[in-house]
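Read off the chains here:
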Amino acid sequence: FDWVQASDKESNLRLRLFHLDQKGLIEGCLKNMKDSYPNGGFTCLRILAFYLSWLRILYTKDRVLYVSQKVLDALKEWQVVPGASEHEIDLAKTLYEDFSRWPTAEKRRKQEAGIPESSSGDSGQGQHFAGVEWNDQPKLQKIEELTDNEPTDQQPQAARILSASELKEEGNTLLKGGDWSGAEEKYSQALSTASDEESKAILLNRALARLSLANQTDRNDSALNGVIEDCTAALKVDKKQSKAYYRRGSAYVKLQRYENAIKDFEKALDLRPDDSVIKKALEAVKEELRQTRQSALEAERARKAQDVDELD
């Protein structure tokens, strides 16, 4: 089921999804940030990411969704939750950076009502977002062709071709919802028309999708090599991208190319010296390399000892 390319047939389904926040969806997701069932925090964060991105793509003007201060505070706190996985922390960071660009939902409602920001109170208290409006025919719905009753001298109107930015947003929604293959495809489509500046972020997002695909198995060389290629291409556009070094380093770790991974993690840490996730990754790969070398040394000693024992 494609939640982005909506149609009239799913109007009632989409309407129910649209109003899920009134049933406590967002509040429930936030409550699972800590002390949830195994992997429950990450699952609820992905649900939250999908829902907010879905609303933003289909039901906002200029794709601007204002979220509440409570949601922003939770996303910021989510980045330092003890025991959270790297992917969970990375998703929380991405969401926070994405939605903190705009005023909070509380400030937006005051702006719309003409109330000074300094005044206390919020008429929309309890609502976790602002700037959304229900529409039976979302903006992304394809333009219908002319019917048989219309003049035959006109050609049917083709579906609007989505821009690189729009395809990237669709990819982001799929990525946040855990559809990594679908996200990878959307990013690939976006890259075909993206400018150099646009391609930088799209390449990094596709690298994350491919890295997530690779993490589903013990090792997926094709996806991991794709991560390395995407990050290398992004760094050619801008060499000061910590995410590119970090994600390429993560791919090197999976490929057991530990020395390459260490170099990339160190470069990422130079750009973001206070990033605890990068620090942990660097420490872990250094220890992995140390153990690998120790195991190789012990194996070599054992082989030499066996050779001596076999002398006549």
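Before reading on, note that the structure itself is shown above.
Residues numbered from 1 in each chain as written. Predicted model: local features only at pLDDT ≥ 70, side-chain atom pairs only at ≥ 80, totals over all residues. Heavy atoms only, no water.

Draft legend 1. Broad picture of the environment of Lys93. Of note, Lys93 is situated in helix 5 (residues 86–99). Spatially, the C-alpha atom of Lys93 lies 9.7 Å from that of Glu77, the residues being 16 residues apart in sequence. Filtering out sequence-adjacent residues up to four positions away, Lys93 remains in contact with Gln79, Arg272, Asp275 and Val277. (Helix = DSSP H or I, 4+ residues; strand = E, 2+ residues; numbered from the N terminus. Contact = heavy atoms within 4.5 Å.)

Draft legend 2. Spatial organisation of the pattern of salt bridges. Evaluated as defined, the whole model comprises 20 salt bridges. A salt bridge links Asp275 to Lys93; the shortest N-O distance between them is 2.7 Å. Of the two residues, Asp275 is situated in the loop between helix 12 (258–271) and helix 13 (276–309) and Lys93 in helix 5; the sequence distance between them amounts to 182 residues. Since its relative accessible area comes to 8%, Asp275 is described here as buried. Of the charged contacts, one joins Arg101 and Asp98 as a salt bridge, the two residues approaching to 2.6 Å between their closest N and O atoms. (Salt bridge = Lys/Arg side-chain N within 4 Å of Asp/Glu carboxyl O. Buried < 20%, exposed > 50% of the residue type's maximum accessible area, 1.4 Å probe, protein only.)

Draft legend 3. The nonpolar core, seen in detail. If you look at the biggest cluster of nonpolar residues, it comprises 68 residues, and the most contacted ones within it are Ile26, Leu52, Leu55 and Phe99. In terms of residue count, helix 3 (residues 40–59) provides more of this core than any other element does, 12 residues in total. Each residue touching Leu55, except ones within four places of it in the same chain, is listed here: Phe18, Thr60, Leu65, Phe129 and Val132. (Core = buried A, V, L, I, M, F, W, Y, C linked by side-chain atoms within 4.5 Å.)

Draft legend 4. Representation of unusual backbone geometry in the model. At Asp62, a position not held by glycine, the phi torsion is positive, near 60 degrees. By the secondary structure assignment, Asp62 is in the loop between helix 3 and strand 1 (66–67). With a relative accessible area of 63%, Asp62 lands in the exposed category. At Arg63, a residue that is not glycine, the phi angle is positive and equals roughly 55 degrees. Turning to its location among the elements, Arg63 is positioned in the loop between helix 3 and strand 1.

Draft legend 5. Geometry of helix 1 (residues 11–18). Within the sequence span of helix 1, burial applies to Ser11, Arg14, Leu17 and Phe18. Looking down the long axis of helix 1, one finds its buried residues gathered within 125 degrees of arc, a one-sided arrangement. Away from the buried face of helix 1 by more than 90 degrees, exposed residues Asn12 and Arg16 are located. Where the residues of helix 1 are buried, they touch helix 3. (Arc of directions from axis to C-beta.)

Draft legend 6. The packing of helix 9 (residues 196–214) against helix 10 (residues 221–237), seen in detail. Running from amino to carboxyl end, helix 9 crosses helix 10 at an angle of 160 degrees, the nearest separation of the two axes being 8 Å. On the basis of the axis angle, helix 9 is roughly antiparallel to helix 10. Along this stretch, helix 9 crosses helix 10, giving a crossing that reads as left-handed. Between helix 9, through Asp196, Ser199, Lys200, Leu203, Leu204, Arg206, Ala207, Arg210, Leu211 and Ala214, and helix 10, the contact on the second element is made entirely by Ala223, Leu224, Gly226, Val227, Asp230, Cys231, Ala233, Ala234 and Val237. Taken together, the residues that form the contact of helix 9 with helix 10 break down as 12 nonpolar, two polar and five charged. (Axes fitted to C-alpha atoms, helices over the stretch in contact; angles between N-to-C directions. Parallel < 35°, antiparallel > 145°, perpendicular 65-115°, else oblique. Left-handed = near helix turned anticlockwise from the far one by under 90°. Nonpolar A, V, L, I, M, F, W, Y, C, P; charged D, E, K, R; others polar.)

Draft legend 7. Representation of helix 6 (residues 105–113) within the structure. When helix 6 is considered as a whole, its buried residues turn out to be Ala105, Arg109 and Lys110. All buried residues of helix 6 lie within an arc of 140 degrees about the axis, which places them on one face of the element. Two residues or fewer after helix 6 comes Gly114, characterised by a positive phi angle close to 75 degrees.

Draft legend 8. Structural detail: the packing of aromatic side chains. Enumeration according to the criterion identifies four aromatic pairs in this entry. Arranged with centres 6.5 Å apart and planes meeting at 65 degrees, the rings of Tyr51 and Phe129 form a pair that is edge-to-face. Taken together, the positions of Tyr51 in helix 3 and Phe129 in strand 2 (residues 129–130) put the pair 78 residues apart, joining distant regions of the chain. Both residues of the pair, Tyr51 and Phe129, count as buried. The cationic tip of Arg46 hangs over the ring face of Phe42; the distance from NZ or CZ to the ring centre is 5.6 Å. (Phe/Tyr/Trp six-rings, centres within 6.5 Å; stacked < 30°, edge-to-face > 60°. Lys NZ or Arg CZ within 6 Å of the ring centre and 35° of its normal.)

Draft legend 9. Up close: the packing of helix 3 against helix 4 (residues 69–78). Where helix 3 contacts helix 4, the two axes come as close as 13 Å, and the packing angle between them is 140 degrees. Taken together, helix 3 and helix 4 sit at an angle that is classed as oblique. Crossing of helix 3 against helix 4: the hand is left-handed. Contacts between helix 3 and helix 4 involve Gly41, Leu45, Leu48 and Leu52 from the former and Val71, Leu75 and Trp78 from the latter. In the contact of helix 3 with helix 4, the residues fall into six nonpolar, one polar and no charged.

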